[in-house]
Amino acid sequence: MKIIAFVGMPASGKSEASKVIRNMGINVINMGDVIREEVKHRQLDPTDSNTGMVANDLRDKEGMDAVARRCIPKIKQNDNDVVVIDGIRGIAEVEIFKKEFGDEFSLIAISSPIENRFKRVRKRCRSDDMQKIEDLKIRDEREMKWGMGQAMETADVTIDNTASLKEFRKQVKDTVGRINGQR
């Protein structure tokens, strides 16, 4: 099984890339869903503050690779040739996936300037989204503490998400196609 993962700052385009992948018929596992499930399990409101608190708590209590370890059984339950992981947040997650899946694991970084990302946040209207660019900067800082920058640096390829949506979707399809073809 080939494992392809996306890493990027909040609102960089990971969810849009995952939508493109789903439309290609490839199964996607969203790491953020693990956090949202835990928020729901703890009977908390799904706000940015609560999801951040739960994400930090899981990592503090279970290790920086906690979310990735919770995803591994979901990945292994798939009988597909390719699975995409949406939402790597740190280097410990990259390391556990590389240890678990070896050379079958590939990492794609998605980069985008904070101004572009904040515009996307304002459009998508998720319950855990930030209302001010300062809040996005705080979230960026939180995720950088998890090793996001290191994870992005280890990516096999980076997609620069600054062009049109159509061009971004094409870049995602082409990149995943190339990686998947390298099997």
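As annotated in an unreviewed UniProt entry, the protein carries the name UPF0200 protein B0H22_10378 and comes from Methanohalophilus euhalobius. What UniProt states about the protein under its Sequence similarities (unreviewed entry) heading is, verbatim, "Belongs to the UPF0200 family."

(A) View of the sheet that holds strand β1 (residues 2-8). Spatially, 5 strands are ordered β2-β3-β1-β4-β5 in an open sheet, and the strand pairing comes out parallel. This sheet does not close on itself; its edge strands, each paired only once, are β2 (27-30) and β5 (157-160). Neighbouring strand axes in the sheet, compared pairwise and without regard to direction, differ in orientation by 25 degrees on average. Two elements, β1 and strand β4 (residues 105-111), share 6 bridges in a ladder whose sense is parallel. The residue bridging phenylalanine 6 from the neighbouring strand is isoleucine 108, located in β4. Packed on one face of the sheet, helix α1 (residues 14-23) meets β1, β2, β3 (82-88) and β4 and runs near 155 degrees to β1. Sheet strands in contact with helix α2 (residues 31-41) are β2 and β3, and its direction is about 45 degrees off that of β2.

(B) Expanded view of the environment of glycine 102. Mapped onto the elements, glycine 102 comes out in the loop between α5 (91-101) and β4. By relative accessible area, glycine 102 is classed as partly exposed at 33%. For the pair glycine 102 and isoleucine 114, spaced 12 residues apart in sequence, the C-alpha separation works out to 33 Å.

Calculation rules
Residues numbered from 1 in each chain as written. Predicted model: local features only at pLDDT ≥ 70, side-chain atom pairs only at ≥ 80, totals over all residues. Heavy atoms only, no water. UniProt positions renumbered as here; feature names shortened; annotations may be inferred. Pairing = 2+ DSSP bridges. Helix = DSSP H or I, 4+ residues; strand = E, 2+ residues; numbered from the N terminus. Axes fitted to C-alpha atoms, helices over the stretch in contact; angles between N-to-C directions. Contact = heavy atoms within 4.5 Å. Buried < 20%, exposed > 50% of the residue type's maximum accessible area, 1.4 Å probe, protein only.

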